[in-house]
Amino acid sequence: QVQLVESGGGLVQAGGSLRLSCAASGRTFSSYTMGWFRQAPGKEREFVAAHDWNTGSTYYADSVKVRFTITRDNAKNTVYLQMNSLKLEDTAVYYCAASPLWGSWSAQRSTQYNYWGQGTQVTVSS
């Protein structure tokens, strides 16, 4: 099975930047769509960004487009989420996830992901 471990979260002021990392185990990383989701207190888990393993396409929630960038390094079995111009609304626990599926529909839905990391807290202060 695939195991995912996030890191890089922390406290940052609005307008600042953070880069989250997600290290994956196993040799199937290159054939998994990798996604980032987040969950704020009192809110449902929501899609943030994803990288499609088959097409190479990236997908972003409208709320983070332009500000966030998802990248992956298959050689290191690691996916990253570069977060710039952070806003208060970005405060949440961020999770990385892996899905054997591909395509825009599945990439943006948490129910289509098989493996999840433990989450890393991102707190944006004013």
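Our subject is the structure that appears above.
Residues numbered from 1 in each chain as written. Predicted model: local features only at pLDDT ≥ 70, side-chain atom pairs only at ≥ 80, totals over all residues. Heavy atoms only, no water.

Let's talk about the overall build of the protein chain
Working step 1: When you go through the protein chain residue by residue, the secondary structure sums to one helix and 11 strands.
Working step 2: Across the protein chain, helices and strands are ordered from the amino to the carboxyl terminus as β-β-β-β-β-β-β-β-β-α-β-β.
Working step 3: By the compact-globule yardstick of 14 Å for 126 residues, the protein chain fits well, its C-alpha radius of gyration being 13 Å.
Working step 4: Structurally, the protein chain occupies a C-alpha span of about 40 × 25 × 25 Å along its principal axes.
Working step 5: Counting across all 126 residues of the protein chain, residues that qualify as buried make up 45%.
Working step 6: For the protein chain, restricting intrachain contacts to residue pairs at least 6 apart in sequence, the fraction spanning at least 24 positions comes to 60%.
Working step 7: Accessible surface for the protein chain amounts to roughly 6400 Å². Of this, 47% is attributable to carbon and sulfur atoms. (Helix = DSSP H or I, 4+ residues; strand = E, 2+ residues; numbered from the N terminus. Rg over C-alpha atoms; globule rule 2.2 N^0.38 Å. Buried < 20%, exposed > 50% of the residue type's maximum accessible area, 1.4 Å probe, protein only. Contact = heavy atoms within 4.5 Å. Areas by Shrake-Rupley, 256 points an atom, 1.4 Å probe, with all protein chains shown as cover.)

Structural notes on the state of the cysteines
Working step 1: Evaluation of the coordinates by the stated rule reveals one disulfide.
Working step 2: Across the disulfide, Cys22 is cross-linked to Cys96 (sulfur-sulfur distance 1.9 Å). Measuring the twist about the S-S bond at about 55 degrees, one finds the Cys22-Cys96 disulfide to be right-handed. With Cys22 in strand β3 (residues 18-24) and Cys96 in strand β9 (residues 92-99), this residue pair connects regions lying 74 residues apart in the sequence. No difference in accessibility class separates Cys22 from Cys96, as the two residues are buried. (Disulfide = S-S within 2.5 Å.)

So, the side chain of Arg72
Working step 1: By the element assignment, Arg72 lies in strand β7 (residues 68-73).
Working step 2: This buried residue, Arg72, is left without a salt bridge; Asp52 holds the nearest opposite charge, at 7.2 Å.
Working step 3: A distance of 2.9 Å separates a polar side-chain atom of Arg72 from the backbone oxygen of Tyr32.
Working step 4: Of the polar contacts made by the side chain of Arg72, one reaches the side chain of Asn74; its length is 3.2 Å.
Working step 5: Sequence-distant contacts of Arg72, defined by excluding residues within four places in its chain, comprise Phe29, Ser30, Tyr32, Thr33, Met34, His51, Trp53, Thr78 and Val79. (Lys, Arg positive; Asp, Glu negative; His and termini not counted. Salt bridge = Lys/Arg side-chain N within 4 Å of Asp/Glu carboxyl O. Polar contact = N/O pair within 3.5 Å; in protein donor to acceptor, adjacent residues only side chain to side chain.)

Things to note about the sheet that holds β3
Working step 1: Overall, antiparallel pairing links the four strands, which are arranged β1-β3-β8-β7 in an open sheet. Edge positions in the open sheet fall to β1 (4-7) and β7, since each of these has one partner strand only. Averaged over neighbouring strand pairs, the angle between their axes works out to 15 degrees when direction is ignored. (Pairing = 2+ DSSP bridges. Axes fitted to C-alpha atoms, helices over the stretch in contact; angles between N-to-C directions.)

Let's talk about the environment of Cys22
Working step 1: Assessed through its relative accessible area of 0%, Cys22 is described here as buried.
Working step 2: Linking Cys22 and Gly35, residues 13 residues apart in sequence, is a C-alpha distance of 9.9 Å.
Working step 3: Excluding residues that lie within four positions of it along the chain, Cys22 makes contacts with Leu4, Val5, Glu6, Met34, Trp36, Asn77, Thr78, Val79 and Cys96.

Comments concerning the nonpolar core
Working step 1: Residues Leu4, Trp36, Leu81, Met83 and Tyr94 are the most contacted members of the largest nonpolar core, which totals 37 residues.
Working step 2: Elements with a minimum of two residues in this core: β3, β4 (33-39), β5 (46-51), β6 (58-60), β7, β8 (78-83), β9 and β11 (120-125).
Working step 3: Ranked by residue count, the leading element in this core is β9, at five residues.
Working step 4: Beyond its immediate stretch of four places on either side in the chain, Leu81 contacts Leu18, Arg19, Leu20, Trp36, Val48, Ala49, Phe68, Thr69, Ile70 and Tyr94. (Core = buried A, V, L, I, M, F, W, Y, C linked by side-chain atoms within 4.5 Å.)

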